[in-house]
Amino acid sequence: MLAGRCVGSVAETANRFIRQRCPHLLKFLPKNFGFGLGLDFRESSLIMNAKNQRKFAQNMVFNLAIGFHDLELTDMQKADAQGSIRKLSKYSMLIADTVLIQSGDEPPDIVTKHSVEWKDVSYFINEKNDKDIMPPQGKHYTPEQVESQSAIMSSRLRERSKACAPDRSSLARNEKQAELMQQKLSVKRSEKSSAWSQQGQLSSRADILEVDVYQSAGEYPRDLPSSEVYVDMQGQVLFAPINGSQVPFHISMIKNAVQPDPDRTATYLRLNFFTPGQTASKDIAPATSKLIEQHGHNSMFIKEMLYRSRESQRLTAAHRMIQELRKRFRQHAAKAAEEADLIPQEKLVKMRDQRIPRMADLTMRPFISGKKTTGTLEAHTNGLRFTSKKHEIVDIMYGNIKHSLFQPCENEVMVLIHFYLKNPVLVGRKKSQNVQFLTEVVDASVALDSARRSMYDPDELDEEQRERQLRKKLNEMFKEFCKKMERVAKHHRFHLEYHESTKISSQNISQIRFDIPYRDLGFHGVPNREMVLIQPTVRCLVNLTETPFFLVELDRVEHIHFERCTFRSKNFDMIIILQNFDVLPLSINAVPMNELDAIQEWLTDCSITYTAGQASMSWKSVMNLVKGDPRFYEETDEHGESKPAGWQFLQADDNHDGNEEEDDGDEDYSAGDDDDEDEDEEDEDEEEDDEEDVNGDDDEVGV
């Protein structure tokens, strides 16, 4: 479509191309390939067909439409189709663009500036009949298809649940859950029986390093006194005299050093050591605890030693040096544990041959130093680089990004992009697996004037208009940066590994793409200490606006259990059981009861099993029982007696207890029972809230 050429050349070129590449589609090609736009929407003299001999001229505008008409569907294609598409015998498709003719040999300008990626121009329509949209057995959809289905489901879920009768929808959901539970049981039973024993063997095979500071007594310090308590700061050893001989003790074995009140004649120093049988202290190092457990059955331990001296200065100086050495040892051990799982990253390769995608004045969380960290984010060849105003640098490699999320500022005070990493990186002095870059649209706290402002105040209206424009501008800026970053990563052949199991294969590799949380499916809950909005994405369940961040990968979820689901409760607790049974289940407390049906519908669509119960459970004890039961997913125990298989015991125990309570209530009912039960439940809720406040943790939640 160049100036000076015939309009009919478009049709001739298209027919020649199809004849060479796909001759069987030539008969489905339409005769017209668009039309010109002028005074009329469809200029009859500018129809693009083979008979039109008019020529293109500069500044002409055409609607270029290319497609196929009445394509036939084969039986195999119908079998793979969804919904009412199976009933069709023919279909058509059309792609159109608005084109502006340029001067000379310049190529035409495509006016419709929009992404042509498949994920941006395609979608699936879910039919009301669930039986028609169920995929055939053995068929697995790609992440792109799952994403498209979830996007449509997110906008129709609540409307569909309101339109359908509650009994009918809950019945269909229960049937689907029963099917999912049976599928999970069959998969677990087909796994190797040695999987349970391997879990215990992996922890016992961990190497235990012996503390070996001195090979012989000849390596003791030269200035070592014979009858004094001596501290070797370099070797981290305390020498304690016993019967005239110096005995070395590593500082990790000392529980504490206490200096009692002196009497008139002498000063005292008491040394307490870690020994088997004691309650594990928070100060004990993990390696020390393993050594005590290993040698506790065949070795003798000293629990306590008391020294007395008439010269108070020596014992006081020894006590001060012991405390200083213990402090240094704890700091060194904490730093070593912090950096234990840090993996060295490759060096960043800066982009020099093209324009660098960049966003300035961004706030980074977690902060590198101080109360706030602002700077510039750049996308380079193999990773991102954030440079703060204090010239502090944090690099994030594309190969280390597991999930990338973009959350626009719809009803929030910030717009952000969030990265969940495969391996944590060091941010400042702490490691972090979640890195976030954001810009606040409005201040989180606004000082209100004492005087009231009218709702018709022009200044108020202008301020609201400026805020809406700022929100739109920031959303577009962040969205454009995400697209540029995706193109840069794709151009330099960096990919994000996404896998549904622990084994990564080359078939499960997709390009870096930003997921947007589905606000329509969001619900309020307390994952840490405050009420927040929790939103699902294609692969995660997240809250990104409040710290600590909450992020759970859906492919790491084993089962969901709802606690305190009673008719009289206004809210319930959502327990997320992970596939790694060594990690305690995560809890989302105080979820409103009116969100229960929507959450259960979403879990069913994601093929995640769930159960509901009335009582709160001690999950630490439950997980210990589950890990120690090799027949957990079987329907019989080791004695051949029947039992609930898998997580069905959560539902079974609850139903059994509920029936007993109902029977007891029918037989022995009094008017004051309800009041007593209400008081007991309020006391239990207060005790649970107190325990949650005591056990609250400020660490990031990311699984």
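Up top is the structure.
Reading guide: rules and limits
- Residues numbered from 1 in each chain as written.
- Predicted model: local features only at pLDDT ≥ 70, side-chain atom pairs only at ≥ 80, totals over all residues.
- Heavy atoms only, no water.
- Buried < 20%, exposed > 50% of the residue type's maximum accessible area, 1.4 Å probe, protein only.
- Helix = DSSP H or I, 4+ residues; strand = E, 2+ residues; numbered from the N terminus.
- Pairing = 2+ DSSP bridges.
- Patch = residues over 30% accessible without salt bridge, like charges linked within 9 Å, V, L, I, M, F, W, Y side chains within 5 Å.
- Areas by Shrake-Rupley, 256 points an atom, 1.4 Å probe, with all protein chains shown as cover.
- Salt bridge = Lys/Arg side-chain N within 4 Å of Asp/Glu carboxyl O.
- Lys, Arg positive; Asp, Glu negative; His and termini not counted.
- Charge placed at Lys NZ, Arg CZ, Asp CG, Glu CD.
- Contact = heavy atoms within 4.5 Å.
- Axes fitted to C-alpha atoms, helices over the stretch in contact; angles between N-to-C directions.

Turning to the pairing of strand β16 (residues 414-427), a few remarks are in order. Within β16, 11 of the 14 residues are buried, leaving the element largely enclosed by the surrounding structure. Note: strand β15 (residues 401-407) against β16, 6 bridges, orientation antiparallel. Bridge assignment links Ile401 to a residue of β16, and that residue is Leu421. Counted along the chain from β15 to the antiparallel partner β16, the turn is 6 residues long.

Quick look at a positive patch on the surface now. On the surface, a cluster of positive charge is contributed by Arg355, Lys479, Lys483, Lys484 and Arg487. Examined against the element boundaries, Arg487 turns out to sit in helix α10 (residues 458-491). In this structure Arg487 comes out as partly exposed when scored by relative accessible area, which is 48%.

Read across the open sheet, the 8 strands follow the order β14-β13-β12-β11-β17-β16-β15-β20; overall the sheet is mixed. For this open sheet the edge positions go to β14 (393-397) and β20 (514-515), each flanked by a neighbour on one side alone. When strand β12 (residues 374-379) meets strand β13 (residues 383-388), the two strands line up antiparallel, connected through 5 bridges. Each bridged residue has a counterpart across the sheet, and for Glu378 the counterpart in β13 is Arg385. Along the sheet, α10 contacts β11 (358-365), β12, β13, β15, β16, β17 (430-440) and β20; its crossing angle with β16, the most-contacted strand, is approximately 40°.

Relative to the helices and strands, Lys347 resides in the loop between α9 (312-338) and β11. Taking relative accessible area as the criterion, Lys347 reaches 75% and is therefore assigned exposed. Sequence-wise, Lys347 and Asp395 are 48 residues apart; in three dimensions their C-alpha atoms are separated by 8.6 Å. Ignoring anything within four residues of it in the chain, the contact list for Lys347 reads Asn382 and Met397.

Under the defined criterion, the tally for this structure stands at 16 salt bridges. Two residues, Arg314 and Glu228, come together in a salt bridge whose shortest N-O distance is 2.5 Å. Taken together, the positions of Arg314 in helix α9 and Glu228 in the loop between α7 (195-204) and β5 (230-232) put the pair 86 residues apart, joining distant regions of the chain. Judged by its relative accessible area of 47%, Arg314 falls in the partly exposed class.

Right, let's get into the sheet that holds strand β25 (residues 557-563). The 4 strands are arranged β27-β26-β25-β28 in an open sheet whose pairing can be described as mixed. This sheet does not close on itself; its edge strands, each paired only once, are β27 (586-592) and β28 (610-612). Averaged over all neighbouring strand pairs, the angle between strand axes comes to 20°, with direction disregarded. On the sheet, helix α11 (residues 596-605) packs against β25, β26 (571-578), β27 and β28 and is oriented at approximately 165° with respect to β25.

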